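Here are the chains, one letter per residue:
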Amino acid sequence: MKETIKKVGTLRNIIYYQLKRTSIPVNRIAGVELTNRCNQQCSFCPVNTKDVTKPVTREQMDMDIGEFISILEKYNKYMRDVNISHHGECFLHPDFNEAILSLKKYRISYSITTNGSLVGEHIDILEEYPPDLIMFSLYTLNPDKFKTLTKTGDVNIVLRNVEKLLKLKKEGRINTRILIRAIKMDGFEEDVEKVKEYFLNKDVDLNISVLNSWAGRVDITRYGTHLEHTIDFKYCIQPWLHCIIGSNSGVYICNNHEDEPIEYLYNKSLEEIWNLKSYRDIRKNILNSEFRNNKICSECDSFISGCMMGKPSAWFFMDAVFLRYVWSGLKGKNSEDTSGQLAEFKAGKEVK
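Below: a short report on this structure.

Each value, and the rule that gives it
In every chain, residue numbers begin from 1 and rise along the written sequence. In keeping with the predicted nature of the model, local features appear solely for residues at pLDDT of at least 70, side-chain atom pairs appear and are counted solely at 80 or more, and the whole-chain, interface and lining totals rest on all residues. Excluded from the side-chain calculation are hydrogens and water; included are all heavy atoms of the structure. Among buried residues, those of type Ala, Val, Leu, Ile, Met, Phe, Trp, Tyr and Cys that are joined through side-chain atoms within 4.5 Å constitute a nonpolar core. Burial status follows relative accessibility: with a 1.4 Å probe on protein chains alone, a residue under 20% of its type maximum counts as buried, one over 50% as exposed, and anything between as partly exposed. Contact definition: two residues touch when any of their heavy atoms are within 4.5 Å. The helix count covers DSSP runs of H or I at least four residues long, the strand count covers runs of E at least two residues long, and both are numbered beginning at the N terminus. By this definition, two strands are paired if DSSP reports at least two bridges between them. Here is how to tell: hold the view so the strands point away, follow the path from the first strand over the helix to the second, and if it runs clockwise the crossover is right-handed. To count toward a patch, a residue needs a relative accessible area above 30% and no salt bridge. Like charges then connect within 9 Å, nonpolar side chains (Val, Leu, Ile, Met, Phe, Trp, Tyr) within 5 Å. Working definition of accessibility: Shrake-Rupley area with a 1.4 Å probe, residue cover restricted to the visible protein chains. Here, a salt bridge means any side-chain nitrogen of Lys or Arg that lies within 4 Å of a carboxyl oxygen of Asp or Glu. Only centres within 6.5 Å qualify two rings of Phe, Tyr or Trp (six-membered ring in Trp) as a pair; their planes then separate them into stacked at under 30 degrees, edge-to-face at over 60, and tilted for everything else. Counted as over-ring charges are cases with an Arg CZ or a Lys NZ within 6 Å of the ring centre that also lie within 35 degrees of the ring normal. The definition of a polar contact used here is a pair of N or O atoms within 3.5 Å, where within protein one atom must be able to donate a hydrogen and the other to accept one, and adjacent residues in sequence count solely through side-chain atom pairs.

1. Here's the deal with the nonpolar core
- If you look at the biggest cluster of nonpolar residues, it comprises 79 residues, and the most contacted ones within it are Phe96 and Leu103.
- Setting aside anything within four residues of it in sequence, one finds Leu103 in contact with Phe68, Leu72, Val82, Ile84, Ile108, Tyr110 and Tyr129.
- The next biggest cluster of nonpolar side chains, apart from the first, holds 16 residues, and it includes Cys42, Cys45, Val47 and Val52.

2. A word on the pairing of strand 4 (residues 133-137)
- For strand 4, the tally of buried residues reaches five of five residues, placing the bulk of the element in the interior.
- Burial along strand 4 is two-sided: the residues Leu133, Met135 and Ser137 and Ile134 and Phe136 are all buried.
- One ladder, built from four bridges, connects strand 3 (residues 110-114) with strand 4; its direction is parallel. Paired with Thr113 across the strands is Met135, a residue of strand 4.
- Taken together, strand 3, helix 4 (residues 123-128) and strand 4 form a β-α-β motif whose crossover is right-handed.
- As judged from the five bridges shared by strand 4 and strand 5 (residues 177-184), these two strands associate in the parallel manner. Of the residues in strand 5, the one forming a bridge with Phe136 is Ile180.

3. Points about a nonpolar patch on the surface
- On the surface, Trp315, Phe317 and Met318 cluster together to form a nonpolar patch covering roughly 400 Å² of accessible area.
- One can find Phe317 in the loop between helix 11 (277-287) and helix 12 (320-331).

4. Looking at the packing of aromatic side chains
- Per the counting criterion, the structure on display carries nine aromatic pairs.
- Ring geometry for Tyr75 against Tyr78: centres 6.4 Å apart, planes inclined by 25°, an arrangement best described as stacked.
- Where Tyr264 meets Tyr266, the ring centres are 5.0 Å apart and the plane angle is 10°; that geometry is what we call stacked.
- Since its relative accessible area comes to 18%, Tyr264 is described here as buried.
- Among the aromatic residues, those joined into a cluster by ring pairs are Phe44, Tyr139 and Tyr223.
- One residue, Lys202, lies across the ring of Tyr198, its end atom 5.3 Å from the ring centre.

5. Thoughts on the pattern of salt bridges
- Evaluation of the coordinates by the stated rule reveals 16 salt bridges.
- Put simply, Arg37 and Asp62 hold a salt bridge, and the shortest N to O gap is 2.9 Å. On the criterion of sequence distance, the pair formed by Arg37 in the loop between strand 1 (28-32) and helix 2 (65-75) and Asp62 in the loop between strand 1 and helix 2 is long-range, its members being 25 residues apart.
- For Asp62, a relative accessible area of 25% gives the class partly exposed.
- The network of salt bridges with shared partners includes Glu127, Lys167, Glu171 and Arg173.

6. Overview of the side chain of His242
- By secondary structure assignment, the location of His242 is in strand 7 (residues 242-245).
- A distance of 3.1 Å separates a polar atom in the side chain of His242 from a polar atom in the side chain of Gln238.
- The residues touching His242, leaving out its near neighbours within four places in the chain, are Arg28, Ala30, Ile253, Trp274 and Tyr279.

In structure tokens, the structure reads:
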């Protein structure tokens, strides 16, 4: 019942978007970032490497465990499938186990995005309160290429940790969806196919995507043809649907929003922040097809289907994108190859 109510909240805010409302109820906290530290230095990640166009300048820090618990206590009604990783490797947090037990206390479903290096050290707590989803970023099975790309990673450790979770799942001790994410980029075409082949008969889902530039932070021409990775779209639904709380207690709109948040939770409540003038102005610019006037959106090239939206219209109930949201909410989650969505978007099938 609780999950159904939350899904209704998402549908409500999508309708508010169609009705051009900028002051809206809080819908969902998509992520609470335990830490923005990482033990790897992927060459295309602006969080932990300086060899990019615009490195992330936000201070690397662990969220105080007391603050994490306080956020869960105050705002758990807005949480479902909350991701505790965001731009860091959450297993690095010194109080990781306590964080998971706190999620269990408030019955908050959660997910993890990980490089897979430290999963094996926390198997017991993951079994005690399993995530709904754990996504491994796995770009190649070649140990040398993996090490070159991540600087410190060992692909064999990652594969062993995936197998540990698969063993727990086979034994019925967890029911976690295991998702393997690979990225199509120059020089890794065969690697993606080998990843697919390796996991073909294993109880995992695959997500095959392409790089985006982290809103202009990364020169993606180094990894493939620029036009194949980008799209200039006008409408984005994210400011209506969710926010992310960083390890600094800042409230961010989306995955590409970094450095300076809208506001900090130690200054204002989430409900106040959600409808601050700065937040409403971002929504207003999107509704007016002035997407690029938002500083945080000015160089965004993300094209995941979960954020793109058609032009607001009174006939929204007949709109393909609106119907897609409704359908996806009913059918649940499936594996996908998101790299194929770009051609559809460029052809104008999804974005008007």
